[in-house]
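Single-letter residue listing:
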Number of protein chains: 2
Amino acid sequence: MNFKIINGSVTAPKGFLAAGIHCGIKKNSLKKDLALIYSEVPSIGAGVYTKNKVKGAPIYITKEHLSNKKARAIICNSGNANTCNGQDGLLKAKKMAQLQAKALNIKTDEVLVASTGVIGVPLNIDAIKGGIPLITKKLSIEGYEDATEAIMTTDTSQKQIALELEIGSKTVRIGATCKGSGMIEPNMGTMLSFITTDVSISPELLDEALKSSVNISYNRVSVDGDTSTNDMVLILANGLAENPTISEKGEDYYKFIEALNYLNVVLAKKIAKDGEGATKLIECKVTGATSESNAVKLAKSVIKSSLVKTALFGSDANWGRILCALGYSDVDFDPYKVDVYFTSSSGSIKVCGQGSSIEFDENKAKDILLQDEILIEVNLNIGDIAASAYGCDLTYDYVKINGDYRS
Amino acid sequence: MNFKIINGSVTAPKGFLAAGIHCGIKKNSLKKDLALIYSEVPSIGAGVYTKNKVKGAPIYITKEHLSNKKARAIICNSGNANTCNGQDGLLKAKKMAQLQAKALNIKTDEVLVASTGVIGVPLNIDAIKGGIPLITKKLSIEGYEDATEAIMTTDTSQKQIALELEIGSKTVRIGATCKGSGMIEPNMGTMLSFITTDVSISPELLDEALKSSVNISYNRVSVDGDTSTNDMVLILANGLAENPTISEKGEDYYKFIEALNYLNVVLAKKIAKDGEGATKLIECKVTGATSESNAVKLAKSVIKSSLVKTALFGSDANWGRILCALGYSDVDFDPYKVDVYFTSSSGSIKVCGQGSSIEFDENKAKDILLQDEILIEVNLNIGDIAASAYGCDLTYDYVKINGDYRS
């Protein structure tokens, strides 16, 4: 590892401030619902967005504002997705950017907008308008915790991280905060993740780095198969680390990518583990595959299966459901070559050999599956490529949260 | 309608007998686990099978036996899927056919084999061997209830039906029994359905009729997105109705297809309504589409969404989740033209107009959604084609059944 984990999140890189407040979108006044992240100096940005055809209004505005690859601030509300609100939604998303830009004395297209929460309810723009002066005043290095809290909806844990690395003998930092718990499914984002860095990098490479990193992290997570309408991953880079600007794919770029990938995979796993109602993080690692795309498809099919998810909730070594999920993934493999292992902090056990039942110690399997982070390893034994996908178990609480939820 | 519903099931057509017993595969001796359906005269058959790459051993044997399009008996056990059991599974599936053929004094390849239940546990062939003399002796016209009971696993209701129609001034009957509750997902079968008829029809047209009918019925059902390893739909036709043999696609063929489609759609809805833990049947009908395949994809995306399913469990008119599910279906449509209606025995209500929130009476919506059969109508307003898909809500009991289930 060419990097180390440090304390903090989006304000760890030089020149970034953050804040989070309650402005009145969520009914409960103890719950923060407005977050702001700001770079004190001009910075560049990149974004990756949901592929859902029904997109939240903020997606359109943020894409438009990032078309020049410049951005200095992210304003995000939780409690209302500002989606399926027609023209009114677009006007309000734009208004959020305008109001925030004015308060920061920057250009409107330097402000990126995000929303998360219920769909189809008109956004209370007055609450946001009322909150913007306060949140702008509260911007600070210490504000990152409040910002992280303010983007949460049904999340039960904060998801943030910061890393430090050396590039060109300069100290570079990357920080991130993210949220995601329901409506989580591969194919972009499927949650919100805001990343800041003081690295100096060309806008083109920042864009490419973000896309490739999202692809092996958030895009490999599925909580419930529902690709949200509002998901986005945004990165701001202000160059204050003063490293020699990364403008080609050399050693510096790959060092940066290594750290960025690590950061995003950690957050992706946090999202999976905090899936709505989840009690367990499930990683399915498919090995012995003939291609990465096949390995990913198979691994996703396993972690998305309701039957696999409920079996793991019950700590039941029902590997037959894993074989079944592999079988309907539309990927070619030989069922009679598949080996399956369960691994956790309690040990590792082989439960299926050459696609068939083998004898194994059911008590040991139970012990392994009672832990809260489970690795399902599937060896196809037909190649040498591996890939992982991340999910969680399906529990009573998922039903409870979504059967009676209006943020 | 050119047909009427009559009492009974697989033994309603002339010349068919059935039986069901407990032979010892299920631990609970009060639960039947072996079913037999038999035509007293030679008959032809057709089948449609799971597309899962991991297939139960019976699938291979039944396909092989049906290659000559002739079949007179179906032997089916519940409690064990005989899947992922390697060579041993294939030998035992073949053995089931051999033993049953001997008991009936017919050829081995006239017997079709099916199994449903847990995956990856060796099949207790001795129990079946012990049961075959008894079940053969018990064959009767009245045995259809026992046969239906014997193919059930987590099903909570019997699923059977019989129809009568006139073809060429002769009375023709079609009867069927089916099961399906978990591991239910479009793409064939995904359950067991055994259909009998005394119609006289060419093997080729029987095959074609079955395939087209499965496509608009069982293949439009999803309970949990898990395409099972063992699903099959089988039809036997013995010609005892003595109608002029249907050998071309004329009036008689279409009369037969109309009745067959009705029968299979009724059973498909029964499967959806009896989805594991389900409290509600959900039909999503997409209208105003430009093609049937698009309408089906969109309708399936809605009824498969965990968030839609949990919302309906909670009788929550959360139409935003429906828009979201349409949006990630990979079908092209205009989100700003979509109207959404909820309908049940309590009335009908429009909840979304032109892809946006509209005012509606939330109490009336709640009343409608509290019923146990809900129609979600999505009008795309871009064409004139419609199609439906069938599913159910996602409940605490689905988690309970699958989080702690070993049949």
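The shown structure was predicted, so the numbers you read here are calculated from the model rather than taken from an experiment.

1. Focus: the interface of chain A and chain B
Thought 1: Across the contact, 55 residues belong to chain A and 55 residues belong to chain B.
Thought 2: Counting each side, the surface lost to burial between chain A and chain B is near 4400 Å², with a carbon and sulfur contribution of 57%.
Thought 3: Connecting chain A to chain B are zero salt bridges.
Thought 4: If you look at where chain A meets chain B, you find ten residue pairs in polar contact (both at pLDDT 80 or more).
Thought 5: Here the residues of the side of chain A that touches chain B sort into 23 nonpolar, 21 polar and eleven charged.

2. A few points about the packing of helix α2 (residues 86-104) of chain A against helix α3 (residues 125-137) of chain A
Working note: a packed helix pair is described by the angle between its axes plus the distance between those axes.
All names here are of chain A.
Thought 1: In the contact formed by α2 and α3, the axes pass within 10 Å of each other and the chain directions differ by 20°. It follows that α2 is roughly parallel to α3 by the angle criterion. Read as a crossing pair, α2 and α3 show a hand that is right-handed. Two secondary-structure elements touch here, α2 through Lys92, Lys95, Met96, Leu99, Gln100, Ala103 and Leu104 and α3 through Ile125, Ile128, Lys129, Ile132, Ile135 and Thr136.

3. What to know about the pairing of strand β7 (residues 159-167) of chain A
Residue and element names in this part refer to chain A.
Thought 1: With eight of nine residues buried, β7 lies mostly within the body of the structure.
Thought 2: Pairing between strand β1 (residues 3-6) and β7: four bridges, direction antiparallel. Along β7, the bridge assignment pairs Ile5 with Leu163.
Thought 3: One ladder, built from nine bridges, connects β7 with strand β8 (residues 170-179); its direction is antiparallel.

4. A look at the pairing of strand β3 (residues 34-39) of chain B
Residues and elements named next belong to chain B.
Thought 1: Counting buried positions over the six residues of β3 gives six, a clear majority of the element.
Thought 2: Residues Leu34, Leu36 and Tyr38 line one face of β3 and the alternating positions Ala35, Ile37 and Ser39 line the opposite face, and both faces are buried.
Thought 3: With six bridges connecting them, strand β2 (residues 16-21) and β3 associate as antiparallel partners. Pairing of Gly20 across the sheet is with Ala35, part of β3.
Thought 4: Sheet topology places β3 next to strand β5 (residues 73-80); five bridges connect them, and they run antiparallel. Residue pairing across strands places Tyr38 opposite Ala73, the latter belonging to β5.

5. Structural notes on the relation of the copies chain A and chain B
Thought 1: Note on the copies: chain A fits chain B at an RMSD of 0.0 Å, the axial shift is 0.0 Å, and the rotation between them is 180°. Both copies are brought into coincidence by an operation consistent with a two-fold rotation axis. Minimal C-alpha separation from the rotation axis in chain A is found for Tyr396(A), amounting to 2.5 Å.
Thought 2: In this assembly the copies share their binding face: 100% of the residues contributing to the interface of chain A also contribute to that of chain B.

6. Re helix α8 (residues 306-313) of chain A
Residue and element names in this part refer to chain A.
Thought 1: Most of α8 is tucked away: seven of the eight residues are buried.
Thought 2: Considered for burial, the residues of α8 that qualify are Ser306, Leu307, Val308, Lys309, Thr310, Ala311 and Leu312.
Thought 3: Ser315, located one to two residues past α8, shows a positive phi value of around 50°.

7. Re helix α10 (residues 362-369) of chain A
Residue and element names in this part refer to chain A.
Thought 1: Buried within α10 are the following residues: Ala365, Ile368 and Leu369. An end-on view of α10 places all buried positions within 90° of arc, on one side of the element.
Thought 2: Structurally, α10 contributes buried residues whose contacts are with α8, β12 (339-344), β13 (347-353) and β15 (373-379).
Thought 3: N-capping of α10 is provided by Asp361, with a side-chain oxygen placed 2.9 Å from the backbone N of Asn363.

8. Here we look at the packing of aromatic side chains
Thought 1: Evaluation of the coordinates by the stated rule reveals seven aromatic pairs over all chains.
Thought 2: An angle of 85° between the planes, with centres 5.3 Å apart, marks the rings of Tyr253(A) and Tyr254(A) as edge-to-face.
Thought 3: A relative accessible area of 3% places Tyr253(A) in the buried class.
Thought 4: Relative to Tyr262(B), the ring of Phe3(B) lies with its centre 4.9 Å away and its plane at 45°, an arrangement referred to as tilted. Of this pair, Phe3(B) sits in strand β1 (residues 3-6) while Tyr262(B) sits in helix α6 (residues 251-273), placing them 259 residues apart in sequence.
Thought 5: Following the ring pairs from residue to residue traces out a cluster consisting of Phe313(A), Tyr396(A), Phe313(B) and Tyr396(B).

9. Some points on the pattern of salt bridges
Residues and elements named next belong to chain A.
Thought 1: If you walk through the whole model with that rule in mind, you get 32 salt bridges over all chains.
Thought 2: In this structure, Lys92 engages Asp88 in a salt bridge whose closest nitrogen and oxygen atoms are separated by 3.0 Å. Separated by four residues within a single helix, Lys92 and Asp88 lie in helix α2, roughly one turn from each other.
Thought 3: Where salt bridges share partners, they join Asp155, Lys159, Lys179 and Asp274 into one cluster.

10. Comments concerning the confidence of the model for chain A
A low pLDDT score tells you not to read the predicted coordinates there in detail.
All names here are of chain A.
Thought 1: Per-chain confidence: chain A averages 91 in pLDDT, with 95% of residues scoring 70 or above.
Thought 2: Overall, residues 185-190 carries pLDDT values under 50, and its contacts beyond four positions in sequence, including any with other chains, amount to 34 contacts.
Thought 3: Reported confidence for the predicted complex is 0.75 by ipTM and 0.80 by pTM.

Here is what the cut-offs are and how they apply
- Residues numbered from 1 in each chain as written.
- Chains lettered and ligands numbered in written order.
- Predicted model: local features only at pLDDT ≥ 70, side-chain atom pairs only at ≥ 80, totals over all residues.
- Heavy atoms only, no water.
- Contact = heavy atoms within 4.5 Å.
- Buried area = accessible area lost by both parts, 1.4 Å probe.
- Salt bridge = Lys/Arg side-chain N within 4 Å of Asp/Glu carboxyl O.
- Polar contact = N/O pair within 3.5 Å; in protein donor to acceptor, adjacent residues only side chain to side chain.
- Nonpolar A, V, L, I, M, F, W, Y, C, P; charged D, E, K, R; others polar.
- Axes fitted to C-alpha atoms, helices over the stretch in contact; angles between N-to-C directions.
- Helix = DSSP H or I, 4+ residues; strand = E, 2+ residues; numbered from the N terminus.
- Parallel < 35°, antiparallel > 145°, perpendicular 65-115°, else oblique.
- Left-handed = near helix turned anticlockwise from the far one by under 90°.
- Buried < 20%, exposed > 50% of the residue type's maximum accessible area, 1.4 Å probe, protein only.
- Pairing = 2+ DSSP bridges.
- Least-squares fit on C-alpha atoms with pLDDT ≥ 70 in both.
- Arc of directions from axis to C-beta.
- Phe/Tyr/Trp six-rings, centres within 6.5 Å; stacked < 30°, edge-to-face > 60°.
- pLDDT = per-residue confidence, 0-100.

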